Amino acid sequence: MQLYWIVLSLALITTACSKQSAVLPEAVEQIGEGAFLFTHDNERSLFLVDTEGVIVTDPLGIDAAPSYKRAIAAITDAPVKYVVYSHYHWDRVAGAETFLEDGAQVVAQERCAERFLVNPNPDVVMPDITFDNDYVVKVGDQQLSLNYFGPSHGDCLTVFTVEGQGLIQIVDLVNPPAAAFPKNPTIPYIRPHNIREFFQRTIELADERNIDTVVASRLAPGAADGEGSSATGPVSIVNDQAVFWNVIFEEASSVRAAGGVGIDGLVRLKYVDLDQFNGYAGYRKEDLPSIMRRVFSYYDMGR
Ligand SMILES: [Zn+2]
């Protein structure tokens, strides 16, 4: 997939954009027809280019946004029409101000807007357009579909799919090249009551829309040199990540039933079937007690 787009990138840039750029800016990778990723530090943000305008997703912060804007301007003269937020975490959504000069409108799920009201950040622009369950952002032939399946990573994470291109992006939850352990084992951002349902509905959406490719939202861990930091991967990674969360919940239950949880609420690793976890990227068996304690907290306290 990736090689295919590298080979075709020259032709596609010419087709998708009014500028005849021969070389993509260093921070930009092409992943589809007029579909690109902008990278800043370890974060990647999806944008879609049409001759009529550009759909930007997360601006990636006030330092990144001006570079993001310059990278787009190197590809097309078309104005940025929309900035779409994936969720409410500031590392992803601060900096949209930079795109407002073009007349861009900001789009977010309504729970993101509620969060910004009660927990404002001067660097985060309030959305102009909010939606509840789904919304479609359309510019020319480019169409970004937004689907909300309840709290998952934070309370308003929105699944992105690119119409007609088989692309899905699930920011911060699924990242090529493989399903992975969470970076922070205390998983303060995970919403245990809905995470499995969220994945189930996301997989159903991917099936309905004939999605075949999942798009990265960051560099893979340890891939700062570009090695192993695939921009895209097979949609099966979404399924693998869903299995990861299902297994975490199931294993936490069975370890407790077997008496393998101490008075401190931490599982004893000798009770855990570790083999089912060691295939995941970033696997550290020492992280399992923290991750499973979050599950017990949900089971026992509903939090
Ligand atoms: Zn996040």
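Overview of the structure. (Residues numbered from 1 in each chain as written. Predicted model: local features only at pLDDT ≥ 70, side-chain atom pairs only at ≥ 80, totals over all residues.)

## Things to note about the nonpolar core
Core analysis: the largest hydrophobic core is formed by 79 residues, its most contacted members being Phe47, Val54, Ile55, Tyr82, Val83 and Val84. The greatest single-element share of this core, amounting to seven residues, is contributed by helix 7 (residues 236-257). Those residues within four positions of Val84 in sequence are excluded, and the remaining contacts are Ile55, Thr57, Val107, Val137, Leu144 and Leu146. (Core = buried A, V, L, I, M, F, W, Y, C linked by C-beta atoms within 7 Å. Buried ≥ 20, exposed ≤ 12 C-beta atoms within 10 Å, placed from the backbone. Helix = DSSP H or I, 4+ residues; strand = E, 2+ residues; numbered from the N terminus. Contact = placed C-beta atoms within 7 Å.)

## Notes on helix 7
Side chains three or four residues apart in an α-helix point the same way, a direct result of the helix having 3.6 residues per turn. The end-to-end C-alpha distance of helix 7 is 31 Å, a good match for the 32 Å that 22 residues give at a rise of 1.5 Å each. Where helix 7 is concerned, the buried positions are Ile237, Val238, Gln241, Ala242, Trp245, Ile248, Glu251, Ala252 and Val255. Looking at the packing, one finds that the buried side of helix 7 touches helix 6 (195-208), strand 12 (213-215), strand 13 (232-234) and helix 8 (288-301). Immediately beyond the C-terminal end of helix 7, within one or two residues, lies Gly259, with a positive phi of roughly 80°. (Expected span 1.5 Å × (residues − 1).)

## What about the environment of Gly103?
Tracing the sequence through the fold places Gly103 in the loop between helix 4 (97-100) and strand 6 (105-109). Between the C-alpha atom of Gly103 and that of Phe249, which follows or precedes it by 146 residues, the distance is 46 Å.

## A few points about the packing of helix 7 against helix 8
Helices that pack against each other are described as a pair by the angle of their axes relative to one another and the distance between those axes. It is at 10 Å that the axes of helix 7 and helix 8 come closest, and there the two elements cross at 75°. Overall, the two elements helix 7 and helix 8 adopt an arrangement that is roughly perpendicular. Each of Ile248, Phe249 and Ala252 in helix 7 lies in contact with helix 8, whose residues at this interface are Ile291, Met292, Val295 and Phe296. Looking at the contact of helix 7 with helix 8 residue by residue, the class counts come to seven nonpolar, no polar and no charged. (Axes fitted to C-alpha atoms, helices over the stretch in contact; angles between N-to-C directions. Parallel < 35°, antiparallel > 145°, perpendicular 65-115°, else oblique. Nonpolar A, V, L, I, M, F, W, Y, C, P; charged D, E, K, R; others polar.)

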